[in-house]
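Next come the chains, spelled out residue by residue.
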Amino acid sequence: MKSMIKIILRRVFPPFLILIVFGLFAALLMSTQEAPEQKEEEMPVPIVDVMPVRSETVSLNLPSYGVVLPKNKTQLVTEVQGRMLTISDKFVAGGIVKRGDMLAQIEPSDYEADLMQAQATLAQAKAALDEEIARGEVAKEDWKGYDGGVPPELGLRVPQLKKEQANVKFAEAALARAQRNLERTTIRAPFDGIIKSRNVDLGQYVTLGTNLGELYDTRIAEIRLPLANHELAYLESIDNPDTQVTLSAELAGRTVNWTGKIVRSEGVIDADNRMVYLVAEVKDPYLRQNKTEGQLPLKYGSFVNAIIKGRTVEGIVKLPRYIVRDHQVAVVRDDNTLEMREVNVVRSDIDKVYIKDSLKDGERISLTTINNMATGQLVKVIGEEDKSQSQDKEDESQQTLVAAGDQ
């Protein structure tokens, strides 16, 4: 029995003894441990980029857009009838023509015959008039011995003379009409232009008023530019908006600019889009009069962007549009704290905001947007942070040199 107890004690007691020893050791460690140093949680200071305020004199330009169209265009129609005898090589879509150039010819033989007939009729009427004048002279001689007073007009053949004079005028009018009809068999360009389209072919019979094609004038181009009604206030004159406009478009893989002039306002508000239209003109859009090397023509039908020159205003500060929120900007003061300042926005466009009488030259504006920006918030400026770090490094290097010298 005693041996059994000894065996049990040998097997069971050592593990319990080990657990007790380790428990006491753990309690000793826990009683002697030091509490960790408590530090207050530091809020990170946001880092911002800034730009200095610089006021300048600017023109409050107005952006717009439009399609280039000819100022004058005409439908070429026939004033006589007949068969198309010839068609000029220039009378094709895209053909460039000058004023007076022949475009097509209608068979003129019938009108030549009418002209000859009118000439003959006029010759007959003049001969009859000459004959009647001679008869009148004879009648005057016959009535010289008449003692009954003033001779009657019929006796002097005055009515017959007036009739023959009228016949001559009628024949002259018929001759002039025949000459015009003969000239109208030749279709000519009424002005310098470009052929938009042609609707007839060689040998086709055309009647009076047949549409032969369409011609665009290349001397002056027009562009209708829409503006919001309130934007008219930025022009020098609302009633007479005589100002410059710069047009731009993508041609041949590059941006090309042209200079035009606002010549008038259409004076009404469009009922569909509530916009007011200004009309710009560009002279010689196809460069037929003057052309410089590398310059491209302003073709009809092109979609162009326009910058209309507006009023010139002094003391304007231009800022990127994204940094102005609810008419407020973040001003970084000298102590690197923020001031959320209300600003007077004169106008804005796609990229810029124009501010007046709200900021002073030299003040710093935060270009970095931070959530929940508020007045009094402390920030770090990017350039000043780098400067402070370099200054610390210089101080450390100087301390190292001094310590080395003391040794």
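Residues numbered from 1 in each chain as written. Predicted model: local features only at pLDDT ≥ 70, side-chain atom pairs only at ≥ 80, totals over all residues. Heavy atoms only, no water.

A. Main features of the pattern of salt bridges. Summed over the entire model, instances satisfying the criterion amount to 10 salt bridges. The residue glutamate 222 makes a salt bridge to arginine 264 at a minimum N-O spacing of 3.3 Å. In this pair, glutamate 222 is assigned in strand β13 (residues 220-228) and arginine 264 in strand β15 (residues 254-269), connecting sequence segments 42 residues apart. Judged by relative accessible area, which is 15%, glutamate 222 ranks as buried. (Salt bridge = Lys/Arg side-chain N within 4 Å of Asp/Glu carboxyl O. Helix = DSSP H or I, 4+ residues; strand = E, 2+ residues; numbered from the N terminus. Buried < 20%, exposed > 50% of the residue type's maximum accessible area, 1.4 Å probe, protein only.)

B. Structural detail: the sheet that holds strand β8 (residues 102-106). Pairing within the open sheet is antiparallel, and its 4 strands lie in the order β9-β8-β6-β11. For this open sheet the edge positions go to β9 (186-188) and β11 (205-206), each flanked by a neighbour on one side alone. Note: β8 against β9, 3 bridges, orientation antiparallel. Of the residues in β9, the one forming a bridge with alanine 104 is isoleucine 187. (Pairing = 2+ DSSP bridges.)

C. The side chain of threonine 78, seen in detail. Its location among the elements puts threonine 78 in the loop between β5 (73-77) and β6 (82-87). A distance of 2.5 Å separates a polar side-chain atom of threonine 78 from the backbone oxygen of threonine 207. A polar side-chain atom of threonine 78 sits 3.0 Å from the main-chain amide nitrogen of threonine 210. Setting aside chain neighbours within four positions, we find threonine 78 in contact with Ile106, Val206, Thr207, Leu208, Gly209, Thr210 and Leu212. (Polar contact = N/O pair within 3.5 Å; in protein donor to acceptor, adjacent residues only side chain to side chain. Contact = heavy atoms within 4.5 Å.)

D. Up close: the nonpolar core. Among the nonpolar cores identified, the biggest contains 32 residues, and Leu225, Val245, Leu247 and Ile308 are the most heavily contacted of them. Lining this core are residues from two domains, each supplying at least three of them: domain 1 (50-57 + 313-381) and domain 3 (219-311). The next biggest cluster of nonpolar side chains, apart from the first, holds 18 residues, and it includes Val80, Phe91, Val206 and Leu215. (Core = buried A, V, L, I, M, F, W, Y, C linked by side-chain atoms within 4.5 Å. Domains from an automatic or database assignment.)

Shape descriptors only; they carry no functional weight alone.
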